[in-house]
Every structure is written in structure tokens, then in C-alpha cells.
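# Close look at the chain arrangement
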Amino acid sequence: QVQLVESGGGLVQPGGSLRLSCAASGSIFSINAMGWFRQSSGKQRELVAAITSGGRTNYADSVKGRFTISRDNAKNTVYLQMNSLKPEDTAVYYCNAEGLIEDYWGQGTQVTVSS
């Protein structure tokens, strides 16, 4: 089992920045890729960014150039640096870990972009 704990969400004005963190614990040896998904009201959950154990990254087109995903393997933590935030980035952000057999999810953290 893998446990994921997210932090860093909140309210920010358009154009502002936030950094989300996701700390993993438990059977972390089984984790391959980690990523961030988001879900806004009335919409399906969507991939925002992902990073493999080797450091390869993948981003949704809507966040390219604004968001950066990174991981600190020593701390078993993945980060999502979000810059130039827009109102349409408002959503609950979920951390995801791809395990050998199953995927794991954090509890979610709310990000609200509003003036």
C-alpha cells in the first residue's frame, strides 16, 4: 500500500502562483510514475502533469509553459509548481502514484483562482 498526502492548495488571484506537494509513504518501492490530476465541478478528472521515476515529464496542453512537475526521490515527494494561474485552473487537485498492480490517490487539495 502507498499513502499520499497533498498540501499547498488555496486561494490565489489570477496571475499568481502556488506550489503543491505530495508526500508518499508505505510501499514506495512499487511506485513508477507519479502525477497530478484535477477535477472541476461538472467535469471529468483530467491529467495535469506526470513524471516517471527516471524524470521524464508529460503535461496537459493547457498547462504547458505555466506548470512544472518535479520529484525529490530522497524525500519521496512530488511537487507541482503552478505559475500564471487562470480562473480555469480552479479545481480539486489529486496526487496519483502508479504502482505495480494498482494506482493510488491522495485526498485532494482545492485550488481556487479568483479575484
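Everything below is about the structure shown above.
Attention here is on the structure that accompanies the text. In this text, all values refer to a predicted model and were calculated from it rather than measured experimentally.

Right, let's get into the packing of aromatic side chains. If you walk through the whole model with that rule in mind, you get 1 aromatic pair. With centroids separated by 5.0 Å and ring planes inclined at 70°, the aromatic side chains of F37 and W105 adopt a geometry described as edge-to-face. Of this pair, F37 sits in strand 4 (residues 34-39) while W105 sits in strand 10 (residues 103-105), and the two are 68 residues apart along the sequence. A cation sits over an aromatic face here: R45 above Y94, 3.8 Å from the ring centre.

Before going further, it helps to spend a moment on the nonpolar core. Counting 29 residues, the largest nonpolar core has L4, M34, W36, L80, M82 and Y93 as its most contacted members. Elements supplying a minimum of two residues to this core: strand 1 (2-7), strand 3 (18-26), strand 4, strand 5 (46-51), strand 7 (67-72), strand 8 (77-82), strand 9 (91-98) and strand 11 (109-113). Not counting residues within four places of it along the chain, the set of residues in contact with M82 comprises G16, S17, L18, L20, R66, F67, Y93 and V111.

This paragraph deals with the side chain of N96. If you trace the backbone, N96 turns up in strand 9. Among the residues examined, N96 registers a relative accessible area of 6% and is labelled buried. At a separation of 3.4 Å, a polar atom in the side chain of N96 contacts the main-chain carbonyl oxygen of Y104. Sequence-distant contacts of N96, defined by excluding residues within four places in its chain, comprise L4, A33, M34, G35, F37, D103, Y104 and W105.

Pairing is antiparallel in the open sheet, where 4 strands are placed in the order 1-3-8-7. Here the strands that pair on one side only, and so sit at the sheet edges, are strand 1 and strand 7. Shown here is a sheet whose adjacent strand axes are inclined to one another by a mean of 15°, direction ignored. The pairing of strand 1 with strand 3 spans 6 bridges and is classified as antiparallel. Bridge pairing in strand 3 places L4 opposite A24.

We now examine the pattern of salt bridges. Close approach of charged atoms allows side chains of opposite charge to pair. Counted under the stated rule, the structure contains 4 salt bridges. A salt bridge links D89 to R38, with the shortest nitrogen-to-oxygen separation between them at 3.0 Å. Of the two residues, D89 sits in the loop between strand 8 and strand 9 while R38 sits in strand 4, which places them 51 residues apart along the sequence. Of the two residues, D89 and R38, neither departs from the other in class, the shared state being buried. Sharing partners across several salt bridges, the network here consists of R38, E46, R66 and D89.

About the thresholds
Residues numbered from 1 in each chain as written. Predicted model: local features only at pLDDT ≥ 70, side-chain atom pairs only at ≥ 80, totals over all residues. Heavy atoms only, no water. Phe/Tyr/Trp six-rings, centres within 6.5 Å; stacked < 30°, edge-to-face > 60°. Helix = DSSP H or I, 4+ residues; strand = E, 2+ residues; numbered from the N terminus. Lys NZ or Arg CZ within 6 Å of the ring centre and 35° of its normal. Core = buried A, V, L, I, M, F, W, Y, C linked by side-chain atoms within 4.5 Å. Buried < 20%, exposed > 50% of the residue type's maximum accessible area, 1.4 Å probe, protein only. Contact = heavy atoms within 4.5 Å. Polar contact = N/O pair within 3.5 Å; in protein donor to acceptor, adjacent residues only side chain to side chain. Pairing = 2+ DSSP bridges. Axes fitted to C-alpha atoms, helices over the stretch in contact; angles between N-to-C directions. Salt bridge = Lys/Arg side-chain N within 4 Å of Asp/Glu carboxyl O.

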